[in-house]
Amino acid sequence: MLSADQRAEAAARLSAAERDRAPIPPLTAVWPEIDVVDAYEIQLLNIRRRERPVLGHKVGLSSLVMQQMMGVDEPDYGHLLDDMALDEGQSVPLRYCQPRVEVEVGFVLGDDLPGEGCTEDDVLRATSALAPAIELIDSRIADWKIGLADTIADNASSAGFVLGAARVPPGALDIRKIEATLRRNGEVVAEGRSDAVLGNPVTAVAWLARKVADFGVRLRAGNIVLPGSCTRAIDVRPGDRFQADFTGLGRVSLNFASITSGEGLS
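Everything in this summary refers to the structure shown in the same document. (Residues numbered from 1 in each chain as written. Predicted model: local features only at pLDDT ≥ 70, side-chain atom pairs only at ≥ 80, totals over all residues. Heavy atoms only, no water.)

A word on the pairing of strand E2 (residues 76-81)
Part 1: E2 sits mainly inside the fold: six of its six residues count as buried.
Part 2: Sheet topology note: the strand E1 (residues 54-60)/E2 ladder contains six bridges and is antiparallel. Directly across from His57, in E2, lies its bridge partner His79. (Buried < 20%, exposed > 50% of the residue type's maximum accessible area, 1.4 Å probe, protein only. Helix = DSSP H or I, 4+ residues; strand = E, 2+ residues; numbered from the N terminus. Pairing = 2+ DSSP bridges.)

Quick look at the packing of aromatic side chains
Part 1: Taken as a whole and assessed by the stated rule, the structure comprises four aromatic pairs.
Part 2: For the pair Tyr40 and Tyr77, a centre-to-centre distance of 4.8 Å together with 20° between the ring planes defines the contact as stacked. Of this pair, Tyr40 sits in helix H3 (residues 36-50) while Tyr77 sits in strand E2, and the two are 37 residues apart along the sequence. Just as Tyr40 is buried, Tyr77 falls in that class too.
Part 3: Ring centres 6.0 Å apart and planes at 90° place the aromatic pair Phe242 and Phe256 in the edge-to-face group. Of this pair, Phe242 sits in strand E11 (residues 241-246) while Phe256 is found in strand E12 (residues 250-260), placing the two residues 14 residues apart along the sequence.
Part 4: A relative accessible area of 1% places Phe242 in the buried class.
Part 5: An aromatic cluster is built from Tyr40, Tyr77 and Phe215, whose rings are joined through pairwise contacts. (Phe/Tyr/Trp six-rings, centres within 6.5 Å; stacked < 30°, edge-to-face > 60°.)

A few points about helix H1 (residues 4-20)
Part 1: A rise of 1.5 Å per residue sets the reference length of H1, with its 17 residues, at 24 Å; its end C-alpha atoms lie 24 Å apart and thus fit the reference within 8%.
Part 2: Among all positions of H1, only Arg7, Ala10, Ala11, Leu14, Ser15, Ala17 and Glu18 are buried. Buried residues in H1, looked at end-on, bunch into an arc of 160°, giving them a common side.
Part 3: Packing partners of the buried residues in H1 comprise helix H2 (27-30), H3 and helix H6 (148-153).
Part 4: With its phi angle positive at about 55°, Arg21 sits one or two positions after the end of H1. (Expected span 1.5 Å × (residues − 1). Arc of directions from axis to C-beta. Contact = heavy atoms within 4.5 Å.)

Distances and angles like these do not, on their own, reveal function.
Okay, structure coming up:
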């Protein structure tokens, strides 16, 4: 494990990389002894530094392929802050390091979830609506050369998200069989189905509720949860226009400015 000073240094390096759009070498290369507990503590240091309201959480590494690639047997998670919420109606400035987009079935909680022992039935009872979503992911680690501790420390490689207008009760469709198609500038670039997420996105949300309880956190009414991507991640280029369509769940779009912004993240 790392010392408190080493954790603080790692958090400062990630924060500067995000601010300056200057990716850094992997933390796992600088501190080979870093473990998962270190990584979550580093993530929390930067979440607290930002002093922004938490709107919810995202689950990463929710596909079997990604878990095998990372050599792990469970997902990871990051925080969704209010300044990460994006607007369908506005072009997003390209002020990121290495942005990509993923397609997700978003959960909007109507009631608090239990922590330890949370079940899929608990998630279904507490979810007020499902929503079409796109997550903007980014890595402050150079060339996406990440190990497990790197992505966890880097807020699970999260940078932003957008929800579409539709709100569908979870009992109105089979959450395991939602087909998703992602178009970039009108061309289909990715397709998938919601059961790519641990066989059922509800499973990912229940896992998240149990996992964050280890850190004294509860998923509350009004929170947004992104349970993991239905499709592979797609690189973002200046001027790209993305649209994700979901069977039974409507659509969501995300557009990017045509030039890269030199402005750092606040």
